[in-house]
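Here is how the chains run, residue by residue.
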Amino acid sequence: MKHFINVTSEIGRLKRVLLHRPGQEVENLVPEYLGRLLFDDIPYLKIAQQEHDKFAQVLRENGAEVVYLEELSAEVLEDEKVKLEFLKEFLEESGITSPSLKESLIEYLSKMPARQMVDKIMAGVRKNEIEVKEPTSLVELMADDYPFYLDPMPNLYFTRDPGASIGNGITLNRMRTEARRRETLFLKYIIKYHKSFEGIPLWYDRSMPYAIEGGDELVLSDKVVAIGCSERTSAEAIEMVARNLFNANTSFEKVLVFEIPKCRAFMHLDTVFTMVDYDKFTIHPGVQGPLSVYEVTKGANNTIKFKHNTSPLNKILAEALNLSSVELIQCGGGDFIIAGREQWNDGSNTLAIAPGVVVTYERNYVTNEILTKRGIKVITIPSSELSRGRGGPRCMSMPLYREKL
Ligand SMILES: NC(=O)NCCC[C@H](N)C(=O)O
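The structure presented is a predicted model; accordingly, all values stated were derived computationally and were not measured.

A. A look at the environment of Ile 212. Checked against the element boundaries, Ile 212 lands in the loop between strand E7 (202–204) and strand E8 (217–219). According to the relative accessible area criterion, Ile 212 is buried, its value standing at 0%. When neighbours within four sequence positions are excluded, Ile 212 is seen to be in contact with Asn 173, Arg 174, Met 175, Tyr 204, Glu 217, Ile 227, Arg 232, Thr 233, Ala 237 and Val 241.

B. Examining the nonpolar core more closely. Counting residues in each nonpolar core, the largest one holds 44 residues, and the members touching the most others are Phe 86, Leu 105, Ile 121, Phe 186 and Phe 197. Among the elements of the structure, helix H2 (69–77), helix H3 (80–93), helix H4 (99–110), helix H5 (114–123), strand E4 (148–150), strand E6 (169–172), helix H8 (184–193) and strand E19 (398–402) are those that each provide at least two residues to this core. Examining the composition of this core, we find that six residues originate from one element, H8, more than from any other. Per-domain counts for this core show at least three residues from each of domain 1 (14–66 + 154–402) and domain 2 (71–150). Setting aside residues up to four positions removed in sequence, Phe 86 forms contacts with Leu 77, Met 117, Ile 121, Leu 185, Phe 186 and Tyr 189.

C. Representation of the UniProt feature "active site" (unreviewed entry) in the protein chain. The UniProt record annotates "active site" (unreviewed entry) at Cys 395. Mapped onto the secondary structure, Cys 395 falls in the loop between strand E18 (377–381) and E19. Accessibility expressed as a relative area gives 2% for Cys 395, which makes it buried. Those residues within four positions of Cys 395 in sequence are excluded, and the remaining contacts are Tyr 157, Phe 158, Thr 159, Arg 160, Asp 270, Asp 346 and Asn 349.

The rules behind the values
Once a new chain begins, its residue numbering starts again from 1 and follows that chain's sequence as written. Totals for whole chains, interfaces and linings use all residues, but because this is a predicted model, local features are given only for residues with pLDDT of at least 70 and pairs of side-chain atoms are given and counted only at 80 or more. Side-chain figures throughout are based on the complete set of non-hydrogen atoms in the structure, without hydrogens or water. Only DSSP runs of H or I reaching four residues or more are called helices, and only runs of E reaching two or more are called strands; each is numbered from the N terminus. Each residue's exposure class comes from its accessible area (1.4 Å probe, protein chains only) as a fraction of the maximum for that residue type: buried when under 20%, exposed when over 50%, partly exposed otherwise. Contact between two residues is taken to exist if any of their heavy atoms lie within 4.5 Å; hydrogens are not considered. Among the buried residues, those of types Ala, Val, Leu, Ile, Met, Phe, Trp, Tyr and Cys that are joined through side-chain atoms within 4.5 Å form a nonpolar core. Here the bounds of each domain stem from an automatic or database domain assignment. UniProt positions are given in the numbering used here, feature names are shortened, and annotations may be inferred rather than shown by experiment.

Encoded structure:
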């Protein structure tokens with residue numbers, strides 16, 4: 001493995017993947033703030049961790065090295081200078097404006113060993129955890145009854161979204177919602193300071209003004225990337241990624257833009273569409289009708305071309321992948337109720353770990369059976385708690401290295 005990162009497909013054998021084991025951040029969820037934090041329910045952490053450990057075990061047993069966001073972050077934050085730089089940026093982005101509060105938080109957090117600090121920052125800091133000396137601002141004096149100085153980040157276990165590996169580079173994303181925006185700081189510091197990530201090109205940066213999230217980014221082949229234009233990802237960001245991929249002389253020549261309905265149930269492209277084999281895809285039937293596909297292609301002399309492709313989806317995919325035909329496998333077998341139920345629990349959100357081999361949630365038994373009948377090897381993981389965050393196996397993983405097809 002010459003590069004630390006190399007992803008030129010959705011289905012090549014998974015060799016290295018980034019995960020985050022859910023931690024205390026999940027215990028800081030309360031009904032009042034669920035919506036704001038993008039959760040629909042409160043997972044039971046102990047079981048969620050067991051389910052997540054099973055997920056990691058399945059990936060390892062199938063040949064993938066599992067690296068953890070919290071461990072890589074702690075490795076770079078061992079350096080006291082980097083730790084301070086990170087803390088300052090993190091507090092800034094958390095909206096801490098009062099100088100004395102900033103000072104108290106820095107004092108509280110920087111004293112902790114790096115790993116403990118990472119866990120604490122991910123979990124959030126309650127107001128009753130630290131004592132702020134004399135208030136130095138009106139905001140502090142008038143402190144409301146909101147319980148946190150630093151919000152918990154319960155969505156961190158969806159490592160798919162803050163960044164995406166494309167070829168041997170990464171898009172370091174700007175998240176659409178404030179609830180998830182600070183998540184990408186961990187990846188920013190890993191990319192900037194971790195030895196394994198040295199020299200990795202960025203196809204997008206979190207400082208850009210337009211939102212893009214990794215659940216919308218699918219690497220269909222070493223030439224074609226599909227990006228969802230969705231509730232979370234904007235057309236401007238997609239165009240910037242396309243330009244950066246083309247200008248850097250990567251192997252990528254085309255970006256297929258999937259415009260999907262902007263709603264929570266379909267928040268990212270990978271909640272309704274994933275690739276499971278050379279010529280097979282899962283799709284949520286509810287998205288097939290309203291889907292529009294646009295193409296951004298690399299032209300001669302650094303030019304870029306745009307086109308609305310009105311052909312049926314199977315034709316567009318077959319043409320993009322140089323195949324005579326492709327199969328679209330409908331989540332829930334196309335039944336309105338089953339598809340709706342299983343899609344809500346990420347029935348279409350498969351993680352391919354090799355061509356024709358996927359990891360899915362066991363609760364989506366109808367879709368799993370359909371996939372098996374279509375010749376896909378389905379490895380299931382327990383999911384009663386993990387699914388409460390509205391993401392499946394693809395959402396919970398950021399592939400760093402896949403074998404070339
Ligand atoms: N790629 C994905 O669809 N990720 C799932 C993210 C779920 C999370 N609760 C969110 O709303 O962002």
